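# A closer look at the structure
Here is what each chain is made of, one letter per residue.
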Amino acid sequence: MKEKSERLCGFDNLKFVLIFLVVLGHFLEISEAFEGSELLLRTIYSFHMPAFLFLTGYFAKFRPKKIALQFGYTYLLFQVLYLLFAYRFLGGEELTISFSFPYWLMWYLFATIVFYLLLPLLDVSGPWKKAAVLLITVIAALFSGNDPYLGYALSGARIVSFLPFFVLGFYCGKHKKIPLSDKKPAVRIAVGAAFTAAVLGSCAYLYFHEELTVFTMYGSLSYERGNYGMWDRALLMLFALLWIGFLMTALLPLLNRKLPILSGIGKNTFGIFLLHGFIVKYIGYYRRPVVLNSLPTVLLATAAVITICGNPLTAWVFRRCLTGEWIERLLAKKKIKEECHTGS
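Here's what I pulled together on the structure shown here. Here the structure is a predicted model, which means the values were calculated and not measured. (Residues numbered from 1 in each chain as written. Predicted model: local features only at pLDDT ≥ 70, side-chain atom pairs only at ≥ 80, totals over all residues. Heavy atoms only, no water.)

### Here's the deal with the layout of surface pockets
- Roughly 1300 Å³ of volume is contained in the largest pocket.
- Surrounding the largest pocket, 38 residues form its lining, K15, K66, Q70, K267 and F270 being those nearest its centre.
- When residues in the lining of the largest pocket are grouped by element, the largest group, seven residues, is from helix 1 (residues 2-30).
- Taken together, the residues of the lining of the largest pocket sort by class into 17 nonpolar, eight polar and 13 charged.
- As a volume, the second largest pocket reaches approximately 430 Å³.
- The wall of the second largest pocket is formed by 21 residues, among which Y45, W104, W107, R158 and Y218 lie closest to the centre.
- Among the elements of the structure, helix 1, helix 2 (37-45), helix 3 (48-58) and helix 8 (156-173) are those that each provide at least two residues to the lining of the second largest pocket.
- Per-element tally for the lining of the second largest pocket: the top contributor is helix 1, with three residues. (1 Å grid on protein atoms, 1.4 Å probe; cavity = no way out; pocket = protein on both sides within 12 Å on 5 of 7 lines; lining within 4 Å. Points joined across faces, edges and corners; volume = space filled by probe spheres on them. Helix = DSSP H or I, 4+ residues; strand = E, 2+ residues; numbered from the N terminus. Nonpolar A, V, L, I, M, F, W, Y, C, P; charged D, E, K, R; others polar.)

Shown next, in the form of structure tokens:
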């Protein structure tokens, strides 16, 4: 039990790091440009969503009830909330409720639903079959950029672009242990150092190749619209893979313990992800009186938003009122009543 608890603490801490980068990236998008901000933004976007999808796949299990209540219901609710919010507070001229075009960050939740529904097809046995499935998803991700019609509708472009990382996480999650945990310290250090050097190399590449913009990392634009090519996407997929290797082999072992505040917030990344968008969008629209023109102010804003959206009270309200948990509780009570009635 202790090993399991420590493992989960390590992943909670890692999720804290990733959600911090997600919020930081969104603040960098709406902040005034400052020295190094553009490179920092491109570096974050080169791996943070692939890494999050890797972790999503790592813990994924095919549970239709969870897909329907935790993901499906929450998607429908927050899609409506964001569209209403944009109409009321962000200068929307016309209110149109649509579920086929996920609003901004809602693409991630919609893609997660699709990925979970694919789990029965992805759950193959044997290393060769797994390698074949993974290879097919990589090929699909690379060639999908040639299709100019595969875009924001139903998150189609992003689903295909990011599916390999979810699949890789799902297959790695079958082992359910810290990578290299059974290896000698020298081996762990060597592998971690190699991945660290590799991600530093990817950062250097981004520094000298400004043509790899944030738009090329969204996964939603075709090669023609984004003015990049298949080689660029392949390179970005490699960079994301190197970062995932770094996070799992170099950073995760360092975070594999319960850390005050961080571990607790790391358990609430789902709520933070869905809630922080309202704050970021509002500040972005009315940002003139807000000072976001330096790295310290952006970091401070990120920490504040994560604290607001990820504290225990907000997490409790989010879980009880804004997800399908209340439906689950209602169904559970109904089942108990029916069993009591049958028993009597």
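Picking up where we left off.
### Topic: empty space enclosed by the protein
- Going through the model one piece at a time under the given rule, you end up with three cavities of 30 Å³ or more.
- What the largest cavity holds in volume is close to 160 Å³.
- Per-element tally for the lining of the largest cavity: the top contributor is helix 11 (residues 230-251), with four residues.
- Here the second largest cavity defines a volume of roughly 40 Å³.
- Class assignment for the residues of the lining of the second largest cavity results in three nonpolar, six polar and two charged.

### Remarks on the nonpolar core
- Residues F27, M106 and M248 are the most contacted members of the largest nonpolar core, which totals 96 residues.
- Considering each element in turn, this core owes the most residues, 13 residues, to helix 11.
- Apart from the residues lying within four places of it in its own chain, the contact partners of F27 are V280, I283, L292, V298, A301, T302 and V305. (Core = buried A, V, L, I, M, F, W, Y, C linked by side-chain atoms within 4.5 Å. Buried < 20%, exposed > 50% of the residue type's maximum accessible area, 1.4 Å probe, protein only. Contact = heavy atoms within 4.5 Å.)

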